[in-house]
Amino acid sequence: MPPRITPLWTLRVAAALLTVTVAAGCELPAENGSGSGSNPTGGTTTTKSDPTAARKKLDALKVVTKTGSMRGYSRAKFPHWNSTGSNCDVRDTVLKRDGTKVKVSGCNVVAGTWISVYDGDKITDPAKVDIDHVVPLANAWRSGAAAWTTDQREKFANDLDDPQLVAVSAASNRSKGDQDPSTWKPEQTGSWCQYAQDWIVVKSRWKLTVTTKEKVELKKMLEKCR
């Protein structure tokens, strides 16, 4: 079995969930100078990568000639954001993990700085930060999730164990929509290597299919890994 890719943010999430709730207005300390592996100057990720393992995982995925039907799809069939205790939810957890100089009121994130890994935008208002599903919910539906139970879809939509959730700019999230790498890639080409690996890890973990075109583009993105 190929080694599992474990982004640093997975470790940070575990630490965040064990942290005692910070008092209102307190500033959370920055981790290694940035959040979620973001590069403050370029927005590219700095998490550990293993493109060789990613290529093996990609080759093991089931390939289909076209995506499945959207019949019956609804975001409501992927309940999110789940509570993580003490009035926190998954969105709060990702904001804390991916931001720097994050301040909270109770458990709600009220300030901080986020660098969108998709387009390099700097965001200082948490209300303007989108939490993106790396593999979009609609894409998951078309590639296997339509056959899941609601409980399975809920776990997928709130997955903090895999690189499935990331804080990004609203503009980049809207631009991406439910597209896969064959029709949309991050504006920041420096993030393509990690984005492709994260996409593959999530699809492998949840046993989702990829299209022929999607696989071709993912292989091209992995060529950015050095």
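Data block above holds the structure.
Residues numbered from 1 in each chain as written. Predicted model: local features only at pLDDT ≥ 70, side-chain atom pairs only at ≥ 80, totals over all residues. Heavy atoms only, no water.

Overview of the packing of helix α2 (residues 51-60) against helix α7 (residues 192-205)
Put simply, α2 and α7 touch, their axes get as near as 9 Å, and they point 45° apart. Compared by their axis directions, α2 and α7 come out oblique. For the pair α2 and α7, the crossing hand works out as left-handed. The residues of α7 that touch α2, namely those facing P51, A54, K57 and L58, are Q197, I200 and S204. Residue classes in the contact of α2 with α7 are distributed as four nonpolar, two polar and one charged. (Axes fitted to C-alpha atoms, helices over the stretch in contact; angles between N-to-C directions. Helix = DSSP H or I, 4+ residues; strand = E, 2+ residues; numbered from the N terminus. Parallel < 35°, antiparallel > 145°, perpendicular 65-115°, else oblique. Left-handed = near helix turned anticlockwise from the far one by under 90°. Contact = heavy atoms within 4.5 Å. Nonpolar A, V, L, I, M, F, W, Y, C, P; charged D, E, K, R; others polar.)

What to know about the pairing of strand β6 (residues 108-115)
The sheet contact formed by strand β5 (residues 100-105) and β6 spans four bridges and is antiparallel. By the bridge assignment for β6, T100 is matched with T113. What sits between the antiparallel neighbours β5 and β6 is a turn of two residues, in which G106 has the positive phi angle 70°. Two elements, β6 and strand β7 (residues 122-123), share two bridges in a ladder whose sense is antiparallel. Across the sheet, the residue bridging to W114 is I123, located in β7. Between β6 and β7, which pair antiparallel in sequence order, lie six residues; one of them, G120, sits at a positive phi of approximately 80°. (Pairing = 2+ DSSP bridges.)

Here's the deal with the state of the cysteines
Within this structure, the stated rule accounts for two disulfides. Between the sulfur atoms of C88 and its disulfide partner C107 the distance amounts to 1.5 Å. Between C88 and C107, the disulfide has an S-S torsion of 85° and is therefore right-handed. Of the two residues, C88 is situated in strand β4 (residues 88-89) and C107 in the loop between β5 and β6; the sequence distance between them amounts to 19 residues. Across the pair, C107 and C88 agree in class, each one buried. (Disulfide = S-S within 2.5 Å. Buried < 20%, exposed > 50% of the residue type's maximum accessible area, 1.4 Å probe, protein only.)

In short, geometric facts, not functional conclusions.
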